[in-house]
Structure formats: C-alpha cells, structure tokens
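As a plain string of letters, each chain reads:
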Amino acid sequence: MGDNTDTAPLLTSHKAKPAKQPPSIDDLIEACIGDTGAMQLLKAVFVAFAWAFDAQQVFISVFTDAEPRWHCAGSAGGNSSCAPAAAAAPCALPGGTWVWDRPARTSVVSEWALQCAGPALVSLPASSFFAGCLAGGFLLTTLADSLLGRKKMLLVSLVSMSAAGVLTAFAPNIWAYAALRFVSGFARSIVGTCTLVLSTELVGRRWRDTVSVAAFFCYSVGFLSLPALAFALREASWRSMYFWTSAPCLCYAALLYFLAQESPRWLLVRGRTQEAVETLRQIASRNGSSTNTTSFSMLDACSSMSDENGGGVFDTLRMMSGRPWAIRRLAAIMVAGFGVGMVYFGMPLGVGSLGPNLYLSTTYNALAEVPSAVLSWLLVARAGRRASVVALAASAGACSLACAAIPRGAGAARMAAELASFFATCTAYDLILIYSIELFPTSVRNSAVGLVRQAMVLGGVAAPVLVALGRERSIWSFGVFGLAIGSAGVFAACLPETRGKTMSDTMQEEERNEASCTSTSMLVVV
C-alpha cells in the first residue's frame, strides 16, 4: 500500500499536460477576420500587381540598350569599302558606307554612337541599375520592418522609381542616363519584397500561396508587355519606352494609396495595436464576418508579449545576428538566391545572340514565366520547398550547360535549351521567395526577404559582363550560368522544410516552433 501511495504522485505528474501556449498572432488574426472574402482577396492581388511595373524596369534595357542592326549604304550593299567588313562592327567601316536599319533614336547605342565605345561603357546603364538595386536593398530593406511599414515603403519606392523613369526619358548623355538608372534601381530595390510580404499578410493562411503566385503572374504580365510595347514603338525614340512604363506606375501608386491597407501583422508586432484592430475590423466587415470580441481583446496581450518592437532601423538585423539558426538560414538561402539570380537576370540579356529577332526571342522568355508561375503554384501546394528548389536548380544548370555545348549553327536547339533553363530558373526564383517568407517571422520577414532578393540582384550585377564575354564563346555566359545555379542550389538542402507550418510572428515564437518540431522528430525516431 505504501508503494502505491508513493508512486501515485509520479503517475499523476507523468500524465500532466504541458502548459498551454497562448494563441499566436496568426491564430488571432484568423479568428478576427474569418474566411478571406472576395474583396479582400482582390485587394491583395491589386497590391501584387506592383510586380508588373517592377518587371518592366528590370528588363527594359533589353530593348532600349540593344545594339541595332545595320547595313551597307547603297543598293544591294554594293559599296566595295563596306562589303569586305560586312560581318564586322560598323565602327571599323569608313563613314557614309553604312547606315542603321532603323532611325538612330530607337536605341541609346545608335543615338549616342556607342557602337565603338566598348562593352564596359555600353553595359554601364544596366550595371548601374543593378548596382542601385544592390545599394537600395541594403539601405532600404529594414525600413519596411521598422519605421515606415510595408505600405508606406512600397508607395515611396513606386513613386521614386516612376519619377526616375520619367526623368530618364530626358537624359542628355550616357552618363546622366546611367546615373538615373542607378536611382531607378535604388528605388526599385524594395518594390518586389514589400509587394510580396504585404499582399500575403493581408489574407488568411489559406490564400497566401495563391496570392504569392498571383504576384508571379503579374510579373509575367509586366515582362510580356515589354516586347509588345517595344514593337509598337519600334520606330519611335527609346525615351518613349521609359515614359510609357513610368507614367502608368504613378497612377497605380495613387490608387494603391487609397485602396491598400497596412499589414495588421506588422502593426501588432510593432505594438500599434489600436491601428491593427481598426484594420482588422475593416477587413472583417468586408469579409462578412461577425466581430469576435474575445479575439480582439486578446490582441493587446499578444502584441505586448514581444520584446522586439524597438524603433531602430537596423534592429531587425541585430535580432538575426544574435541567433545562429537565423544566420544559417539566411546564408544558405542567399547563396541559393545568388546562383538563381545570375541566371534569371542574365538569360534575357543574352537571347540576342541566339536568334535574329530580338522581339520574338524576348517574348519566348517572357512567356516562359507564365507556365513557371503555374508550376510554382502546383509545387507550393503539393511538394516540399527544399527538394523543389534543389531539383529545379540542377535542371536549370544542366540545360544551361547544354546550351553552351550545342554548336552555334543549331539555333533552334540552343533556343530550346535556353528556354528550358530559363523556365526552371523562373520557377526556382519564385519558390525561393516563397521559401524565404516562410523561413523567417514577421518581425524580420521583410528584411530577410529583402536580403535574399539582394543576393539575387548581386548575381544580376555579374550577368551583363558574362553576357558580353559570351558573345564570342558561350562557355563564358551559358556555361558559367549553368555551373553557378547548379552549385548554388545545393545550399537549399541545408534549410528546414516549411511546407504546412504556421508562419511565426516573433523570433521567440519561431524558436519555440523549431524546438517543438525537433522534439516531435525525436519522439518519432524513438
């Protein structure tokens, strides 16, 4: 009897349940807004449409900075001083023996006579744009997590990018043009990140993947609009391209100011509970949900639990730097992003060497974005993030190496290999961004995703140089692209799987979730 008495407390203690954790911000927001309604979903997709203007600024130089085709002056090219050098650069020919196929104003190369300036000067505007993206990403990315928030930062970036684009249409020389492209890239650097984070934080967890893929579709629309616009303005000045891509973006930013809402998750994490409650009430009313008084009353306690709502611009970076798990995740996803970005931004710049029709070749690449977005949606819904990124990077690398190995005479085969590689790269690009959103909590999410995008842009900075070197030998462009993306993709294997997991809001919550997953895995093994 004594033994039974002694063991009773132990049995009771063994059966005792662990202390129940308070509901997360994610759970409370779901309870407050109910099911995401059609109007709120449309608002999130409208926010995602900013990616269309982002794509236009990224790839516009494919047409404005292209080297136009030329021909010998005189009927049937019978000029004797031109014929022997018909395949050479026109700068090697005597003046008056050759002419551009189209008016000189259609490209910066022909308008400013840059055909003999060398690849460094010709590629300066494109390199300046990516350098601006890189600088802006490191300097602006934390503002959306700290001082300004998602919506204000997105509006500032869109207006600044558009204003720089309009001014670019009046650039008097290559130096002013390159400087304005730097400013445009600096402002544009945060557009994609803020758009993706804000749109996904405005809807419930059920619709996040759909909204993310909608952003990729909008990016495809922007990319596809460029060859259509360039073809319509093929006889007009290159300056028209900048005006007709920048002016609509200003109108869109004005509409976004009135229609979009700030992320309630960010407001709660920053301790601005009253604004968050008001935003959630508006969302709930549009969704047709009844007000859940209990959930709203718990938001104050939930937001006060976090000690991460300081006001410093670089607080988010300090939060990550003190946690080894966050640094490991960030380093691995950034290396993978670097390789994917090099191929993603470099491939469209090199399509001119694969076919005679620049408009058609670029259209093929833009069209590859559409099935890529569909595949991204399918993979996000049914496959693991980690395995998908590794497999896509390996496939893109193999196809890019095949493109370098195929002889130049087999134009159709080279174009097919390039499209296959770009298709896989586009899908990997989309998945890495979704993966980044899921890997980091709300308090540092925009900063983390922004740094991943900057790693992609850093790959894009190196791409124009490789494309210029690859005009003579494809191994320097498509060969290096294949090796870079194939090697970088392996780093994604070091990351934890995030499919089906709840998005955390604070670093402490992410650590608790990670510890819980680890404990569950150990129990399963035992």
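Just so we're clear, the structure is a prediction, and the values are computed from it rather than from any experiment.

Peer 1: Go over the overall build of the protein chain, please, and point to the residues and values.
Peer 2: Within the protein chain, the secondary structure is distributed over 24 helices and two strands. Within the protein chain, the proportion of its 526 residues that are buried is 53%. Long-range contacts, defined here as pairs at least 24 residues apart, represent 83% of the contacts in the protein chain between residues at least 6 apart. By element, 66% of the accessible surface of the protein chain is carried by carbon and sulfur atoms, the whole surface being about 21,700 Å².

Peer 1: Explain the pattern of salt bridges to me, and be specific about the residues and the numbers.
Peer 2: Applying the stated rule across the entire model yields nine salt bridges. Here Asp-54 ties to Arg-453 by a salt bridge, and the two come within 3.5 Å at their closest N and O atoms. Of the two residues, Asp-54 is situated in helix H4 (residues 50–59) and Arg-453 in helix H22 (residues 442–469); the sequence distance between them amounts to 399 residues. Considered together, Asp-54 and Arg-453 belong to a single accessibility category, that of buried residues. As a salt-bridge pair, Glu-201 and Arg-150 come within 3.1 Å of each other at their nearest N and O atoms. Residue Glu-201 is located in helix H11 (residues 191–201), and its partner Arg-150 is located in helix H9 (residues 149–168); the two are separated by 51 residues in the primary sequence. You'll find Glu-201 and Arg-150 in the same group, each marked buried.

Peer 1: Lay out the packing of aromatic side chains in plain terms, naming residues and giving numbers.
Peer 2: Taken as a whole and judged by the stated rule, the model has 24 aromatic pairs. A ring pair is formed by Tyr-177 and Tyr-242, whose centres lie 5.9 Å apart and whose planes are at 80°; its orientation type is edge-to-face. Here the residue Tyr-177 occupies a position in helix H10 (residues 174–188), and Tyr-242 occupies one in helix H13 (residues 238–259), the gap between them amounting to 65 residues. By the ring-pair criterion, three or more aromatic residues cluster together here, those being Trp-51, Phe-59, Phe-129, Phe-130, Phe-216, Tyr-219, Phe-223, Tyr-344, Phe-345, Phe-422 and Tyr-429. One Lys or Arg, Lys-151, reaches over the ring of Tyr-257 and ends 5.5 Å from the middle of that ring.

Peer 1: Would you mind going over helix H20 (residues 385–405) in detail, with residue names and values included?
Peer 2: Because an α-helix packs 3.6 residues into every turn, residues spaced three or four apart end up facing the same way. The terminal C-alpha atoms of H20, which comprises 21 residues, lie 30 Å apart, in line with the 30 Å expected from a rise of 1.5 Å per residue. Taken together, the buried positions of H20 are Arg-385, Ser-388, Val-389, Leu-392, Ala-393, Ala-396, Gly-397, Ser-400, Cys-403 and Ala-404. Down the axis of H20, the buried side of the element spans an arc of 160°, and every buried residue falls inside it. Residues of H20 that are exposed and point more than 90 degrees away from the buried face comprise Ala-387 and Ala-405.

Peer 1: So, the state of the cysteines: which residues are in play, and what are the values?
Peer 2: Per the stated rule, a full pass over the model turns up zero disulfides. Left without a disulfide partner, Cys-251 is nearest to the cysteine sulfur of Cys-249, which lies 9.2 Å away. Here Cys-399 stays free of any disulfide, with the sulfur of Cys-403 as its closest cysteine sulfur at 9.4 Å. We classify Cys-399 as partly exposed; its relative accessible area is 24%.

Peer 1: Which residues make up the side chain of Ser-376, and what values do they have?
Peer 2: Assignment of secondary structure puts Ser-376 in helix H19 (residues 358–382). For Ser-376, a relative accessible area of 0% translates into the label buried. A polar side-chain atom of Ser-376 sits 2.8 Å from the main-chain carbonyl oxygen of Ser-372. With near-sequence residues (within four places) excluded, Ser-376 lies in contact with Val-213, Thr-427, Asp-430 and Leu-431.

Peer 1: Lay out the confidence of the model for the protein chain with the relevant residues and their values.
Peer 2: Chain-level statistics for the protein chain give a pLDDT mean of 79 and a share of 79% at 70 or above. Across the protein chain, H10 holds the top mean pLDDT of 94, while helix H1 (residues 2–15) sits lowest at 47. Note that pLDDT drops below 50 for residues 7–19; the model gives that stretch zero contacts with residues more than four away or on any other chain. Between residues 520–526, whose pLDDT stays under 50, and residues either more than four places distant or in other chains, the model counts zero contacts.

Peer 1: Tell me about H13, and name the residues and values.
Peer 2: Relative to the 32 Å expected for 22 residues at 1.5 Å per residue, H13 spans 33 Å between its end C-alpha atoms, a close match to the ideal helical length. If you check which residues of H13 are buried, you get Trp-238, Arg-239, Met-241, Tyr-242, Thr-245, Ser-246, Ala-247, Cys-249, Tyr-252, Ala-253 and Leu-256.

Peer 1: Go over the environment of Ala-366, please, and point to the residues and values.
Peer 2: Along the chain, the position of Ala-366 falls in helix H19. Relative accessible area serves as the criterion here: at 0%, Ala-366 is assigned to the buried category. Distance from Ala-366 to Val-221, taken between C-alpha atoms, is 8.3 Å for residues 145 residues apart in sequence. Each residue touching Ala-366, except ones within four places of it in the same chain, is listed here: Phe-223 and Leu-224.

Rules used in this analysis
- Numbering of residues starts from 1 in each chain and follows the order in which that chain's sequence is written.
- It should be noted that, the model being predicted, local features are given only for residues of pLDDT at least 70 and side-chain atom pairs only at 80 or more, the latter also being counted only at that level, while totals for whole chains, interfaces and linings use all residues.
- The side-chain numbers reported here are obtained from all heavy atoms of the structure, hydrogens and water having been left aside.
- Numbering of helices and strands runs from the N terminus; a helix is a DSSP stretch of H or I covering at least four residues, while a strand is a stretch of E covering at least two.
- Relative accessibility under 20% of the residue-type maximum defines a buried residue, over 50% an exposed one, and the middle range a partly exposed one, all with a 1.4 Å probe and only protein chains included.
- Residue contacts are defined here by distance: any two heavy atoms, one from each residue, within 4.5 Å place the two residues in contact.
- Each accessible area is a Shrake-Rupley estimate made with a 1.4 Å probe; only the visible protein chains count as cover when residues are assessed.
- We define a salt bridge as a contact between a side-chain nitrogen of Lys or Arg and a carboxyl oxygen of Asp or Glu at a distance within 4 Å.
- Ring pairs shown here join Phe, Tyr and Trp side chains whose ring centres sit within 6.5 Å, with only the six-membered ring taken for Trp; geometry is labelled stacked below 30 degrees between planes, edge-to-face above 60, and tilted in between.
- Counted as over-ring charges are cases with an Arg CZ or a Lys NZ within 6 Å of the ring centre that also lie within 35 degrees of the ring normal.
- One fewer than the residue count of a helix, multiplied by 1.5 Å, yields its expected span.
- The directions from the helix axis to the C-beta atoms form the arc being described.
- The disulfide definition used here is simple: a pair of cysteine sulfur atoms within 2.5 Å.
- In the analysis that follows, any N or O atom pair within 3.5 Å is treated as a polar contact, provided that within protein one partner can donate a hydrogen and the other can accept it, and provided that, for residues neighboring in sequence, both atoms belong to side chains.
- Per residue, pLDDT measures the predictor's confidence, with a range of 0 to 100.

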